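Working through the structure, step by step
Read off the chains here:
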Amino acid sequence: MRISIAVIFILVIIALITCSVIARHSHKAIGKSVAFLNAAAIPPVIGNLLITLSDDIYISTIGYYFYFIGMNIIMYALINFTINYCKGSIERHKPPFFLFILLFIDTVQLLLNNFFGHAFSLEKTVVDGYAYYKLVPHIGQVFHRIVDYGTVLCVFMIFTIIIIKISRIYREKYSIILISLIVVTIWQTYYIFSRTPVDRSMVGIATFTILVFYFSLYYRPLRLLDRMMTDVISDMPEALYVFDPNDRIIWANNKGYELFDIHDGNLENVPKLMVERFGDVVRNHGNWSAQRTTGFGNDTKFYELENRDLIDRNGKYAGAYFRIDDITEEKLRIKKEMYEATHDRLTGLYTREYLYKQIAETLQNNRDQRYAIIYIDVRNFKIVNDIFGTEFGDYAIKYIADRIRFHSSEKTVYGRLVGDTFGMLAAHDFFDPDLIESELANFRIKKDDIDHPLLVHLGVYEVTDHDMDVSVMFDRAHISLSSIKEEFGTHIAFYDETMKSQILWNQNLSSELDNAINERQIIPYLQPIADPSGNIIGAEALARWNHPKEGFLPPSSFISLFEDNGMIVKLDRYMWRCACEILSRWVEEGKDRFISVNISTKDFYFMDVVSEFKKLVKEFKLDPSRLRIEITETVMVNNTDLMIRILESFKKEGFIVEMDDFGSGYSSLSMLKDIPVDVLKIDMKFLQTSNDREKDLTIMENIINLSEGLGLISLTEGVETEEQYNTLVNMGCKLFQGYYFAKPMPIEDFDSKY
C-alpha cells in the first residue's frame, strides 16, 4: 500500500509541476496566482512522499517539516489566489495581512520545534511489515492547525459571499472551487482525528489545486451560458425565427409568437403569415436585409427584415434564422425630427433654410417655367404684440400662414422667413396681383372681441436666372418694398432695374465714404446767418461731396442714404471736426463768429455725443458757445426723457442748442416747454405755401413772440426776399438765414466775402 501511495504522490507532483508551468505562461491575469498555488502544493506532497517511504526517523522528520511548512505556503498561495480570482466581485481587494503574519509566526515556531520539541514528535509504528513514523501533536501543532483552518475559513467566507451576490451565470465557477475546498478540508480533518497511520489527504489537497487550475483557466459554464443566452434571445425586442434546411420553422422567441398573435405554441402557420404580410421571404435564402411597410394611414407599420443562413462545420446548409424588427416608432421619431427641423413650429410652414433649399431645387428642376419670388412683410407688427399681447400676435401669424396656404397651389413653395415675414416661390401664371390687392385692401385679424387691421406688403422679384442664390432673390424682393414704404393704398411692389441701379449707386457711395473723408472730397459749405442789422455773425456748416468721377454731389444724393445705413455717424463726426478747424482759424484771425453743426438721430445711439463735443472744443481750444448744436424735432419724438438729459448736459458744458424745422411736426408746441434749447429755427413754409397770407403772418408772429416769451432766440430759415426779411425784423425775429443773404458756399468764398 505504501508503494502505491508513493506512486500516486509522484504522479501528483508531476501533475502539479505541469499545471504550474502552463499557468505561468497563461495570457489570463489569474494565471500567475494559479501557478503559485500549484507550485505551493509541491513541497507538502514531497513531504508526505518522504514520510510514506522512509523508515528512518530523521528523513521522516524532514518530511513532516516539508509537510507543515508547505501547508503554510499553500495557505498563503490560497489567499493570494482568492483575492485575485474574486477581484471585481468583492468591494475590497486588500489582502488580510493579519493572516500572513500568523502564517509567518506559525512557520517560525514550527522550525523551532527542532530545539524545543513543543510542536510535535514522532512515534514509531509498523505498517505492512515496515517501520512508519506517525505524528504525535503537541501545543505548537495545535496552533498550526488553528492558523491553517482559520485561513481556510476566511476563504470559505469570501467564496460564500461571492456566490450569494454574483449573477447566476458566474455562480458555478465559484461554487465548484468552494465545494472542492470543503471536501478536501473534510478529508484532511478525517485523517487528523482518525489517526490513520498513512496520511493520504495530501492527495486531495493536490487534487484541489489541480481543479483550481482547470476551473480558473479553462472551464466555461456552457450549460448555464446556453440557458442564459436562450433567455436573452427569448426576451429580445425583435422577433426571431429559426428554420431547418427544409424551411420548416423549429423555434421562435417570445416576440416571434407575439408578432403573429400565436398563443397555442403552434408555429406551423408562421411561414404562411410571413408571406401574407411581407411577401415570399421564407424561401429567399442567403444573407440579406430589407425593409417593408404594411398598413395605411395611422395603421402604417415599418419593419426591418433580416435573413442569415446557418452553415455547419462541413460547409453544408443547416437552416436559417430570420429576424423581424418593428421599427415603426423609430421611423416616426425620425420623421417627426425631420419635420421639426424643416418646419416652423408656430405655423407649420417651411423654415427659411428649408424654404431656400426647396426653392433652389424647384428652380433647377423646372428651368423652362417662369417664377416670381414674393417677400411678404407685415408692417408695424410690433404694435400688434405691444397692444394685444403675444397670444393674439401668434394667432395673427398663424392666420396669415393659413391665408398663404389657401392662395397656394402645387406649383407654389412657401415658408416663414423670420418673425412677421414670409417667403414664397409662385409660378408666374399663378400669381394674380389684382386678386391679392383686393384681399389686402381690407385685411383684418378677428379673434374674440379683437378686430384689428393689418398692413401687408408684398415685394415681388421675377426670376430671370434660375441659378441665382435664393437669398439674393429675396433680398431684391425685399428691396422693392422701399418704393411703397409710406404708401397705405398700395400693397404690392415689383423689383426693377432702376432699383438695382440705385442699390449699386448706394453701395458704391457707401464703400467710398471713408476714402472721401480721408481725401477731403467731402467739404463743408457755409451758409451765412445774419442779425437784424444784416451783419453776418455766424454760419451753418453743410456737407457737400466733390466726387472725382461723378462730380459735385448735392446733399440729397447721399445724406438720406447714410442716415438709413447708419454711416451718417462717420460723416457728422467729420463735419464737426471741420467746423472746429474753421472756428480755430477764425479765433486766430480775431473773428467773433459761430458755426452751427447738425446732429442726426443715429448719432445719439452710436456714440456719446456730449463727450465727442467736449473733446473737440478742448482739442481746438474753443469756447463751446462758438460750436452750436443743431437738432431736429424728430430727435425728441423717441426717448424724450433721455434726449432732454443729453441736451441739458450740452447746456451745462456751455454749448448753445438749436432746434431746427420747428413747426414742421405735430408735437413741437407740447414739447417746447420741456426741451432745453436756446435757439428756435422757424421754417418759412408759413409764408410760402398757404393761400391765406394774413393767417400765415399771424402764426409766424405768434411763434416769434412765443420764443421770446420762453427766453429763446428765434432764427428764421428760408428767407429769400427783402420783403420777407423786413417783415420778420418788424415781428422781432433775431436771426436770419436764406438765399436772400447767400447760398451755401465754400469756405474760401465765405472768408473772402465776409
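Structure report, in brief. Remember, it's a predicted structure, so these values are computed and weren't measured experimentally.

**Description of the overall build of the chain**
Across its full length, the chain carries 28 helices and 23 strands. A compact globule built from 754 residues should have a C-alpha radius of gyration of about 27 Å, whereas the chain, at 53 Å, is more than 25% larger. Projected onto its principal axes, the C-alpha coordinates of the chain cover approximately 165 × 80 × 55 Å. Across the chain, contacts joining residues at least 24 apart in sequence account for 62% of those joining residues at least 6 apart. With the model as given, the accessible surface of the chain reaches about 40,100 Å², and the carbon-plus-sulfur share is 55%.

**Re the packing of aromatic side chains**
Within this structure, the stated rule accounts for 38 aromatic pairs. On the numbers, 5.8 Å between centres and 70° between planes, the contact of Phe-36 with Tyr-76 is edge-to-face. Taken as a pair, Phe-36 in helix α2 (residues 31-40) and Tyr-76 in helix α4 (residues 57-85) lie far apart in primary sequence, 40 residues in all. Relative to Phe-100, the ring of Tyr-76 lies with its centre 4.7 Å away and its plane at 50°, an arrangement referred to as tilted.

**A few points about helix α12 (residues 270-278)**
Within the sequence span of α12, burial applies to Val-270, Pro-271, Met-274 and Phe-278. What you see down the axis of α12 is that its buried residues fit within an arc of 100°, all on one side. Among the exposed residues of α12, those pointing more than 90 degrees away from its buried face are Lys-272 and Glu-276. Where the residues of α12 are buried, they touch β3 (239-243), β4 (249-252), β5 (288-294), β6 (301-311) and β7 (317-326). Positive phi shows up at Gly-279, right after α12, with a value of about 95°.

**Examining the side chain of Asp-603**
Take Asp-603: it is sitting in helix α22 (residues 601-606). Setting aside residues no more than four positions away along its own chain, Asp-603 makes contact with Ile-568, Val-569, Asp-572, Trp-576 and Val-609.

**Some details on the pairing of strand β16 (residues 536-547)**
Across the twelve residues of β16, ten count as buried, placing the element largely inside the fold. Where strand β15 (residues 522-530) meets β16, nine bridges bridge the pair, whose relative direction is antiparallel. Within β16, the position partnered with Gln-527 by the bridge is Glu-540. The antiparallel pairing of β15 with β16 creates a hairpin that spans five residues between the two strands, and Gly-534 there sits at a positive phi of about 90°. Direction of pairing for β16 relative to strand β18 (residues 594-598): parallel, over a ladder of three bridges. When the bridges of β18 are listed, Glu-540 appears paired with Ser-596. Sheet analysis places β16 next to strand β17 (residues 551-553), joined by three bridges and oriented antiparallel. Looking at β17, one finds that Asn-546 is bridged to Phe-552.

**Looking at the pattern of salt bridges**
Taken as a whole and judged by the stated rule, the model has 33 salt bridges. A salt bridge links Glu-306 to Arg-308; its shortest N-O distance comes to 3.1 Å. On the basis of relative accessible area, Arg-308 is assigned to the partly exposed category, the value being 26%. Residues Arg-628 and Glu-658 are paired through a salt bridge, measuring 3.5 Å at the closest nitrogen-oxygen approach. In this pair, Arg-628 is assigned in strand β19 (residues 627-632) and Glu-658 in strand β20 (residues 657-662), connecting sequence segments 30 residues apart. Residue Arg-628 shares its accessibility class with Glu-658, and that shared class is buried. Ionic contacts of the salt-bridge type, sharing partners, join the residues Glu-304, Glu-306, Arg-308, Arg-323 and Asp-325 into one network.

**Thoughts on α2**
A large share of α2 lies buried, amounting to seven of its ten residues. Buried residues of α2: Gly-31, Ser-33, Val-34, Ala-35, Leu-37, Asn-38 and Ala-40, and no others. Those residues of α2 that are buried are in contact with α1 (2-24), α3 (42-53), α4 and α9 (201-217).

**A few points about the sheet that holds strand β9 (residues 413-418)**
Ordered by their spatial adjacency, five strands build an open sheet running β9-β10-β8-β13-β14, and the pairing between neighbours is mixed. The open sheet is flanked by β9 and β14 (492-494), the only strands paired with a single partner. Neighbour-to-neighbour, the strand axes of the sheet open up by a mean angle of 20°, direction not taken into account. Contacting β13 (456-462) and β14, helix α17 (residues 433-440) runs over the sheet at an angle of about 145° to β14.

**What about the packing of α2 against α4?**
Taken N-terminus to C-terminus, the directions of α2 and α4 make an angle of 165°; their axes are 8 Å apart at the nearest point. On the basis of the axis angle, α2 is roughly antiparallel to α4. Where α2 crosses over α4, the handedness of that crossing is left-handed. In contact with Ser-33, Val-34, Phe-36, Leu-37 and Ala-40 of α2, α4 contributes Gly-70, Ile-73, Ile-74, Tyr-76, Ala-77, Leu-78, Asn-80, Phe-81 and Asn-84. Its residues placed into classes, the contact of α2 with α4 shows ten nonpolar, four polar and no charged.

Conventions used here
- Residues numbered from 1 in each chain as written.
- Predicted model: local features only at pLDDT ≥ 70, side-chain atom pairs only at ≥ 80, totals over all residues.
- Heavy atoms only, no water.
- Helix = DSSP H or I, 4+ residues; strand = E, 2+ residues; numbered from the N terminus.
- Rg over C-alpha atoms; globule rule 2.2 N^0.38 Å.
- Contact = heavy atoms within 4.5 Å.
- Areas by Shrake-Rupley, 256 points an atom, 1.4 Å probe, with all protein chains shown as cover.
- Phe/Tyr/Trp six-rings, centres within 6.5 Å; stacked < 30°, edge-to-face > 60°.
- Buried < 20%, exposed > 50% of the residue type's maximum accessible area, 1.4 Å probe, protein only.
- Arc of directions from axis to C-beta.
- Pairing = 2+ DSSP bridges.
- Salt bridge = Lys/Arg side-chain N within 4 Å of Asp/Glu carboxyl O.
- Axes fitted to C-alpha atoms, helices over the stretch in contact; angles between N-to-C directions.
- Parallel < 35°, antiparallel > 145°, perpendicular 65-115°, else oblique.
- Left-handed = near helix turned anticlockwise from the far one by under 90°.
- Nonpolar A, V, L, I, M, F, W, Y, C, P; charged D, E, K, R; others polar.

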